[in-house]
Amino acid sequence: MRKLKARAPFNAALLITMCSAMLASCAATPPPCLSPQTRNLSHAVEDVKSNLRGGGCAAHFDRYYDELLSIAEGDPKTENKRIFSDFLVWASDDGLLSQRQARDYYNRYFNVKFTSMQGDYNNCSHTCPRRARVMLDMQRELGDKERGLLKVSLDSAGYYRADELYQEIELVLEATCTACNAGR
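Residues numbered from 1 in each chain as written. Predicted model: local features only at pLDDT ≥ 70, side-chain atom pairs only at ≥ 80, totals over all residues. Heavy atoms only, no water.

Student: I tried to follow the nonpolar core on my own but got confused; where do I start?
Tutor: Across soluble globular proteins, nonpolar side chains show a tendency to be buried alongside one another. One finds Phe61, Tyr65, Phe84 and Phe87 to be the most contacted residues of the largest nonpolar core, which totals 26 residues. Sorting the residues of this core by element identifies helix H2 (41-53), helix H3 (61-73), helix H4 (80-93) and helix H5 (99-110) as the ones contributing at least two each. Among residues more than four places away in sequence, those in contact with phenylalanine 87 are Val45, Val48, Lys49, Leu52, Phe61, Tyr65 and Leu68. Leu149, Ala162, Leu165 and Ile169 belong to the second-largest nonpolar core, a separate cluster that totals 15 residues. (Core = buried A, V, L, I, M, F, W, Y, C linked by side-chain atoms within 4.5 Å. Buried < 20%, exposed > 50% of the residue type's maximum accessible area, 1.4 Å probe, protein only. Helix = DSSP H or I, 4+ residues; strand = E, 2+ residues; numbered from the N terminus. Contact = heavy atoms within 4.5 Å.)

And the structure:
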């Protein structure tokens, strides 16, 4: 019969070290990044700021912004534009967004100009070959403007101006690309 080797005595110090490491990893888990628990936009913005300040939730900025828009849709008013502007300025000042990113967020939802049509590119060489994609991006942005201008801030004049601008850009782009193709 074979002899079994005696096991090393149980090492309590090793067990304590392992348990301490497990508890430390539990304490290091990231914050839950909870959604705002109020339907009041100003209070919801403060909840979101608190979550974003705590660190670990910055990757959820887009989700938080969308949730704030949904809350504002439940109580649309003209001052909601200012609340979003102040929030985006705070996010830029706090280093969550660059100034350009903050401006683009605001303009995408609350301004008549289209962020998806920015750039100093030559339309014939840059925009015309991807005209369908540009128009699709602008169409999506028009939907965001409907949400921000109409549903969040009750700015129907602003939304209808954005819609007019969209239609004008579509016509001008069509004519420009037709002229570009004829000139080749």
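More follows now that the structure is in view.
Student: Where do I start with the pattern of salt bridges in this structure?
Tutor: When charged atoms on two side chains of opposite charge get close, those side chains can pair. Under the definition given, this model contains 14 salt bridges. Among the salt bridges present, the one from arginine 63 reaches glutamate 67, with a minimum N-O distance of 3.0 Å. Note that arginine 63 and glutamate 67 are positioned in helix H3 at a spacing of 4 residues, about one turn of the helix. Given a relative accessible area of 29%, arginine 63 falls into the partly exposed group. According to the relative accessible area criterion, glutamate 67 is buried, its value standing at 18%. (Salt bridge = Lys/Arg side-chain N within 4 Å of Asp/Glu carboxyl O.)

Student: Hey, could you run me through the state of the cysteines in this one?
Tutor: By definition, a disulfide links the sulfur atoms of two cysteines through a covalent bond. A full pass over the atoms with the stated rule returns 3 disulfides. Paired through a disulfide, cysteine 33 and cysteine 57 show a sulfur-sulfur distance of 2.1 Å. Taking the torsion about the sulfur-sulfur bond, which here is approximately -100°, the covalent link between cysteine 33 and cysteine 57 counts as left-handed. Of this pair, cysteine 33 sits in the loop between helix H1 (12-27) and H2 while cysteine 57 is found in the loop between H2 and H3, placing the two residues 24 residues apart along the sequence. When its relative accessible area of 1% is taken as the criterion, cysteine 57 is described as buried. (Disulfide = S-S within 2.5 Å.)

Student: I'm lost on the packing of aromatic side chains in this one. Help?
Tutor: By the definition in use, this model includes 12 aromatic pairs. Their ring planes at 35° and their centres at 5.2 Å tell us that phenylalanine 84 and phenylalanine 110 sit as a pair that is tilted. Here the residue phenylalanine 84 occupies a position in helix H4, and phenylalanine 110 occupies one in helix H5, the gap between them amounting to 26 residues. The pair phenylalanine 84 / phenylalanine 110 is uniform in exposure class, with both members buried. Put simply, the rings of Phe61, Tyr65, Phe84, Phe87, Trp90, Tyr105, Tyr106, Tyr109 and Phe110 pair up and form one aromatic cluster. Lying over the aromatic face of tyrosine 64, arginine 63 brings its terminal NZ or CZ to 4.7 Å of the ring centre. In this structure, lysine 145 packs its charged tip against the face of phenylalanine 114, placed 5.1 Å from the ring centre. (Phe/Tyr/Trp six-rings, centres within 6.5 Å; stacked < 30°, edge-to-face > 60°. Lys NZ or Arg CZ within 6 Å of the ring centre and 35° of its normal.)

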